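Inside the fold
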Amino acid sequence: MNIQIKEYILAISIVVAFATYYFNLLQDGMMISGILALVILLYISMIWSEQKEDERDEYIRAKVDRILYILVLVLMLLDVLYKTFTHQNYTDSLILLTVLALAKIVLSKFIKNNN
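Bear in mind that the values here come from a model prediction, so they are computed numbers and not experimental data. Within each chain, residues carry numbers counting from 1 in the order of the written sequence. Owing to the predicted nature of the model, reporting of local features is limited to residues with pLDDT of at least 70; listing and counting of side-chain atom pairs is limited to 80 or more, with chain, interface and lining totals taken over all residues. Only hydrogens and water are set aside; all other atoms, that is, all heavy atoms of the structure, feed into the side-chain values.

The next subject is a positive patch on the surface. A contiguous patch of positive charge, built from Lys63, Arg66, Lys104, Lys109 and Lys112, is present on the exposed surface. The way it works is that DSSP assigns letters per residue, a run of H or I at least four long becomes a helix, a run of E at least two long becomes a strand, and they are numbered from the N terminus. Those elements giving two or more residues to the positive patch turn out to be helix 3 (55-85) and helix 4 (91-114). With three residues, helix 4 is the single largest residue contributor to the positive patch. Examined against the element boundaries, lysine 104 turns out to sit in helix 4. Assessed through its relative accessible area of 41%, lysine 104 is described here as partly exposed. Residues form patches when they are more than 30% accessible in relative terms and have no salt bridge. Like charges link within 9 Å. Nonpolar side chains (Val, Leu, Ile, Met, Phe, Trp, Tyr) link within 5 Å. Residue burial considers only the protein chains on display, and all accessible areas are found by Shrake-Rupley using a 1.4 Å probe. When a carboxyl oxygen of Asp or Glu is within 4 Å of a side-chain nitrogen of Lys or Arg, the pair counts as a salt bridge. In summary, the charge assignment counts Lys and Arg as positive and Asp and Glu as negative, without counting His or the chain termini. To locate a charge, the coordinates of NZ of Lys, CZ of Arg, CG of Asp or CD of Glu are taken. Under the scheme applied here, a residue whose accessible area is under 20% of the maximum for its type counts as buried, over 50% as exposed, and between as partly exposed, the area being computed with a 1.4 Å probe on protein chains only.

What follows is about the packing of aromatic side chains. Working definition: rings of Phe, Tyr and Trp (its six-membered ring) pair if their centres are within 6.5 Å, and the pair is stacked with planes under 30 degrees apart, edge-to-face with planes over 60 apart, and tilted otherwise. Counted by the stated rule, this structure contains zero aromatic pairs. Geometrically, a charge over a ring is one whose NZ (Lys) or CZ (Arg) sits within 6 Å of the ring centre while staying within 35 degrees of the ring normal. The ring of tyrosine 69 has lysine 104 lying over it, and the distance from NZ or CZ to the ring centre is 5.5 Å.

Let's shift gears to the side chain of lysine 83. One can find lysine 83 in helix 3. Only heavy atoms matter for contacts: two residues are in contact if any of them lie within 4.5 Å across the pair. With near-sequence residues (within four places) excluded, lysine 83 lies in contact with Tyr22, Gln88, Asn89, Tyr90, Asp92 and Ser93.

Here we take up the pattern of salt bridges. All told, the structure shown has two salt bridges when counted by the stated rule. Among the salt bridges present, the one from lysine 83 reaches aspartate 79, with a minimum N-O distance of 3.4 Å. On the criterion of helical spacing, the pair formed by lysine 83 and aspartate 79 is a turn pair, its members being four residues apart in helix 3. Among the residues examined, lysine 83 registers a relative accessible area of 10% and is labelled buried. Residue class for aspartate 79 comes out buried when judged on its relative accessible area of 13%. Aspartate 92 is paired through a salt bridge with lysine 83; the nearest N and O atoms lie 4.0 Å apart. One network of salt bridges, in which partners are shared, links Asp79, Lys83 and Asp92.

Read these as geometric descriptors, not functional statements.
Here is the structure:
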């Protein structure tokens, strides 16, 4: 099967599993959490095994990574705003935002110092 088709299938699976978990469409949250973790691990293994072809491919990947990072932060902030206005607990979202921001800073410094 083509690698691009596999990526689409995994991405759709992640979105469906996350939507099912987030909107509590199924009552057994542990099962959905396990499925979501498994699909995400499969996706990570696919990304990890990718081979770069040239400098342009490396530039494109870096650009995509930046855009996706910003998109994740914006989605997390929208989630915090939604939970704020609906008076839900959003501590976990704030912790995740903090971890993402600090991880970006630490990894950036580590990679720059080692390359």
